[in-house]
Amino acid sequence: MFQLTVRGHDVKNYGSPEELAQKIAAQNIHNIQFALNKSFPQWAEPEQLSPGLGRFFKRVFGQSHVQVALLSCYCNLIHPDLEKREAILSRFETYLSHAKYFDAAMVASETGSVLPNMGYTEENFSDVVFDDLVQVIKRLVQVAKRHQVMLGIEAGLNHPLSSIDRIEELLERVPSDYLGIIFDPTNLITAKNYQEQVALTREAFSRFGDAIVCMHLKDYQVIDGKIKVVPLGEGMIDYQQLLAITAEYKPYCYVVLEGTTEEAMQPAISLIEAIQN
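Not measured: the values here are computed from a predicted model.

(A) Seen up close, the side chain of serine 113. Relative to the helices and strands, serine 113 is located in the loop between β4 (106-110) and α5 (127-146). The class of serine 113 is buried, set by a relative accessible area of 0%. There is a polar contact of 3.1 Å between the side chain of serine 113 and the side chain of asparagine 124. In this view, serine 113 contacts Asn76, Ile78, His79, Pro80, Met118, Gly119, Thr121 and Asn124; residues no more than four positions away in its chain are not counted.

(B) Here's a closer look at the pattern of salt bridges. With the rule as written, the count across this model stands at 17 salt bridges. Two residues, arginine 202 and glutamate 248, come together in a salt bridge whose shortest N-O distance is 3.3 Å. Placement of the pair is arginine 202 in helix α7 (residues 197-208) and glutamate 248 in helix α8 (residues 239-249), with a sequence separation of 46 residues. A salt bridge links glutamate 258 to lysine 218; its shortest N-O distance comes to 3.5 Å. Of the two residues, glutamate 258 sits in the loop between β10 (253-257) and α9 (262-276) while lysine 218 sits in the loop between β7 (212-217) and β8 (219-223), which places them 40 residues apart along the sequence. Here glutamate 258 matches lysine 218 in class, with each residue buried.

(C) Structural view of the nonpolar core. Residues Phe34, Leu36, Phe61, Leu77, Ile137 and Leu217 are the most contacted members of the largest nonpolar core, which totals 84 residues. Here this core gets ten residues from one element, more than from any other, and that element is α5. Once residues lying within four places of it in the same chain are set aside, the contact partners of leucine 217 are Leu232, Ile237, Tyr239, Leu242, Leu243, Val255, Val256, Leu257, Glu258 and Ile272. Counting residues in each nonpolar core, the second largest holds nine residues, with Met106, Ile182, Cys214 and Tyr254 among its members.

(D) Quick look at the pairing of strand β3 (residues 67-72). The element β3 is largely enclosed, with a buried count of five among its six residues. Looking at chain direction, strand β2 (residues 31-34) and β3 are connected through four bridges and run parallel. Bridging across to β3, phenylalanine 34 finds its partner in leucine 71. Bridge analysis of β3 against β4 gives two bridges, and the strand direction is parallel. Residue pairing for β4: serine 72 is matched across the bridge by alanine 108. For the handedness criterion, the β-α-β arrangement of β3, helix α4 (residues 82-102) and β4 is classed as right-handed.

(E) Seen up close, the sheet that holds β7. If you trace the eight strands once around the closed barrel, you get β1-β2-β3-β4-β5-β6-β7-β10, paired in parallel fashion. The mean inter-strand angle of the sheet, taken between neighbouring strand axes irrespective of direction, is 30°. Across the face of the sheet, α4 comes into contact with β2, β3, β4 and β5 (150-154) while running at roughly 145° to β4. Sheet contacts for α9: β1 (2-7), β7 and β10; angle to β1, the most-contacted strand, approximately 175°.

(F) Quick look at the UniProt feature "domain: Xylose isomerase-like TIM barrel" (unreviewed entry) in the protein chain. As recorded in UniProt, the sites labelled "domain: Xylose isomerase-like TIM barrel" (unreviewed entry) are residues 57-260. A distance of 24 Å separates the end C-alpha atoms of residues 57-260, which is 40% helix and 21% strand.

Basis of the calculations
Each residue is numbered by its place in its chain's sequence as written, counting from 1. With pLDDT at 70 or above as the cut-off, local features in this predicted model cover only qualifying residues; side-chain atom pairs require 80 or more to be listed or tallied, and sums for whole chains, interfaces and linings still use all residues. Water and hydrogen atoms play no part in the side-chain values, which are based on all heavy atoms of the structure. Secondary structure elements follow DSSP: runs of H or I of four or more residues count as helices, runs of E of two or more count as strands, with numbering from the N terminus. To sort residues, take the accessible area from a 1.4 Å probe on protein chains only and compare it with the maximum for the residue type: under 20% means buried, over 50% means exposed, and anything in between is partly exposed. Whenever two N or O atoms come within 3.5 Å, that pair is a polar contact, provided that in protein one can donate a hydrogen and the other can accept it, and provided that, for residues adjacent in sequence, both atoms are side-chain atoms. What makes two residues a contact is simply this: any of their non-hydrogen atoms within 4.5 Å. What makes a salt bridge here is a side-chain nitrogen of Lys or Arg within 4 Å of a carboxyl oxygen of Asp or Glu, nothing more. For this analysis, a nonpolar core means a set of buried residues of the types Ala, Val, Leu, Ile, Met, Phe, Trp, Tyr and Cys, connected via side-chain atoms within 4.5 Å. Only strands joined by at least two bridges in the DSSP assignment are considered to pair. When the strands point away from the viewer, a crossover counts as right-handed if the route from the first strand across the helix to the second turns clockwise. Axis angles are defined between N-to-C directions and span 0 to 180 degrees, where every axis is a line fitted to C-alpha atoms and, for a helix, only to the segment in contact. UniProt positions are given in the numbering used here, feature names are shortened, and annotations may be inferred rather than shown by experiment.

So, in C-alpha cells, the structure goes:
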C-alpha cells in the first residue's frame with residue numbers, strides 16, 4: 001500500500017484554496033505536494049509565511065480530507081552567487097520553520113546547479129561541488145531538526161546528487177534522521193539505460209530505503225534519444241513493479257504523480273487503483 005499524492009500545481013482552473021482542495025478530493029486523492037509559489041504565489045514570500053497562514057491551509061484542505069504531504073520549496077541550493085544563495089537558503093529555512101503549521105511532514109527541493117539558470121554542466125559532478133552541497137545540506141538539516149520536520153532532497157542526472165552512489169554518500173556524510181530522500185527513478189535514467197529503471201529502484205531501496213521518504217512517479221517516452229515526460233499510462237514506465245517495490249520497502253509511503261496534468265489524472269489514478277484493489 002502507498003499514499004497517492006498529486007502536485008497542487010498540476011491542477012488547473014481554481015480560484016481559491018477551497019476550490020483546489022475540492023478538485024483534488026474529487027479525484028479521490030487525499031494528499032497534496034504543495035508549492036505555494038506555484039499555486040498561490042501571492043502568499044509565497046518568506047515574509048508572508050506565518051502560523052496563521054499554515055493553519056488556514058491545514059483547515060481548508062482538511063475540510064475536503066486533503067492533507068499537505070510535503071511543502072515544495074524547489075530552488076538552487078548551490079547558487080554560485082553567494083549573496084543570492086544566502087537569500088535562497090534563508091527562504092528555505094523559513095519554509096522549514098513553518099512546515100508544522102501546514103502539518104507537512106517535509107520540505108522538498110532538488111539540489112540545484114553551479115549555473116544560475118540551473119542548466120546542465122559537468123562541473124556539477126565534481127567532488128568540489130559535492131563537498132559544497134554537503135555543507136549546505138548540513139546547515140539545512142540542523143534547521144530541520146530544530147523544527148522537527150524533514151528535509152526532503154531529490155536527486156537528478158543534471159545535479160550534484162546525480163546517482164544512487166552520490167545519494168548514499170550524502171547520507172553517509174550527513175547522518176541525520178531529519179534528512180530524507182525523495183526518490184524519482186525517472187530522474188536517474190537516460191535513453192541508454194531506461195530498461196534498468198526497476199533494477200535501479202530496487203537497488204536504491206536496498207541500499208538506503210530507510211532514508212526514502214517519498215516516491216515520485218513520472219512516466220516517460222524515449223524520443224530522439226531523449227527522455228520525454230508524459231502522463232502516467234502514456235509512456236514506458238513499469239509503474240506496477242515500481243509501486244510494488246515501494247510498498248514492499250515503505251508501506252504507506254507518499255507516491256507523487258508528476259508530469260500527469262489534471263486532464264490525465266483520472267485515467268492514471270484508475271491504473272493505480274487497479275493495483276491497490
